[in-house]
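Listed below are the residues making up each chain.
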Amino acid sequence: MSETYKMKIAGLERELPICPLNDNVSIAGFIIFGDVELTVACAKELLEKLPEFDYIVTPEAKSIPLAYEMSRQCGKKYFIVRKKEKVYMRDPVSVTVNSITTKSEQKLILDGADGEQIRGKKIVILDDVISTGESLQSVEKLVNKFDVDIVARAAILAEGDAAKRDDIVFLGELPLIFK
């Protein structure tokens, strides 16, 4: 039987699988895909904590259900920062990123047309988990190419030292597990 980490998120209890990152450190794997009850509850709680905003911007892929549900609840549009350029994109803009849950360098890409829609607007950068902050910084770097006003950086969970940050909005803490 595999180890799990029990936690309460948005009033709901969940057991997360323990996933090794390397020989010394493991994380509790938080995947919101398919958990509609949790997605709806987290979206509601995060929206209550956020300042006024125009749009949500989220990186592909794990936070997409959350961005969708927040958008559905508040009626404001969300934009997805993609990992690969798509044929429908007009004048795509990109930055590179390194994440602790992805083993290689990635590209983050925003459709230029989406960038023009968010230009000068108040936006929330949304992710499922903020850990090192690399993904968050990369999305921020990308959207800042469109002169946005970032009014909040938000996630369901803050992992490790990210929980000590005072510049992010989150619902719960996720520990790093050291051997």
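Residues numbered from 1 in each chain as written. Predicted model: local features only at pLDDT ≥ 70, side-chain atom pairs only at ≥ 80, totals over all residues. Heavy atoms only, no water.

(A) Structural view of the pairing of strand 5 (residues 78-81). Burial along strand 5 is one-sided: the residues Phe79 and Val81 are buried and none of Tyr78 and Ile80 is. Pairing between strand 4 (residues 55-59) and strand 5: 4 bridges, direction parallel. Bridging across to strand 5, Pro59 finds its partner in Val81. (Buried < 20%, exposed > 50% of the residue type's maximum accessible area, 1.4 Å probe, protein only. Helix = DSSP H or I, 4+ residues; strand = E, 2+ residues; numbered from the N terminus. Pairing = 2+ DSSP bridges.)

(B) Molecular detail of the sheet that holds strand 5. With parallel pairing, the 5 strands of this open sheet are ordered in space as 5-4-8-9-10. The sheet terminates laterally at strand 5 and strand 10 (169-174), the two strands that pair on one side only. Here the strands of the sheet are splayed against their neighbours by 25° on average, with no regard to which way each runs. Sheet analysis places strand 9 (residues 149-159) next to strand 10, joined by 5 bridges and oriented parallel. (Axes fitted to C-alpha atoms, helices over the stretch in contact; angles between N-to-C directions.)

(C) Structural view of the nonpolar core. With 30 residues, the main nonpolar core has Ile9, Phe30, Leu46, Leu50, Met70 and Ile156 as its most contacted residues. Of all the elements in the fold, those that place two or more residues in this core are strand 1 (4-9), strand 2 (12-20), helix 1 (36-49), helix 2 (64-74), strand 8 (122-130), strand 9 and strand 10. The biggest single contributor to this core is helix 1, with 6 residues. Counting residues in each nonpolar core, the second largest holds 26 residues, with Val57, Val97, Ile125 and Ala162 among its members. (Core = buried A, V, L, I, M, F, W, Y, C linked by side-chain atoms within 4.5 Å.)

(D) Summary view of the packing of aromatic side chains. Overall, the coordinates contain 2 aromatic pairs when judged by the stated rule. Here the aromatic rings of Tyr55 and Phe79 are separated by 5.2 Å at their centres, their planes lie at 80°, and the arrangement is edge-to-face. With Tyr55 in strand 4 and Phe79 in strand 5, this residue pair connects regions lying 24 residues apart in the sequence. Accessibility expressed as a relative area gives 2% for Phe79, which makes it buried. Ring geometry for Tyr68 and Tyr78: centres 6.5 Å apart, planes at 85°, overall edge-to-face. Separated by 10 residues along the polypeptide, Tyr68 in helix 2 and Tyr78 in strand 5 bring together distant segments of the chain. A residue is classified by how much of its surface remains accessible, and Tyr68, at 45% relative accessible area, is partly exposed. (Phe/Tyr/Trp six-rings, centres within 6.5 Å; stacked < 30°, edge-to-face > 60°.)

(E) Looking closely at the state of the cysteines. Taken as a whole and assessed by the stated rule, the structure comprises 0 disulfides. Cys19 forms no disulfide, and the closest cysteine sulfur to it belongs to Cys42, at a distance of 18 Å. Cysteine Cys42 shares no disulfide, and the gap to the nearest cysteine sulfur, in Cys74, comes to 15 Å. (Disulfide = S-S within 2.5 Å.)

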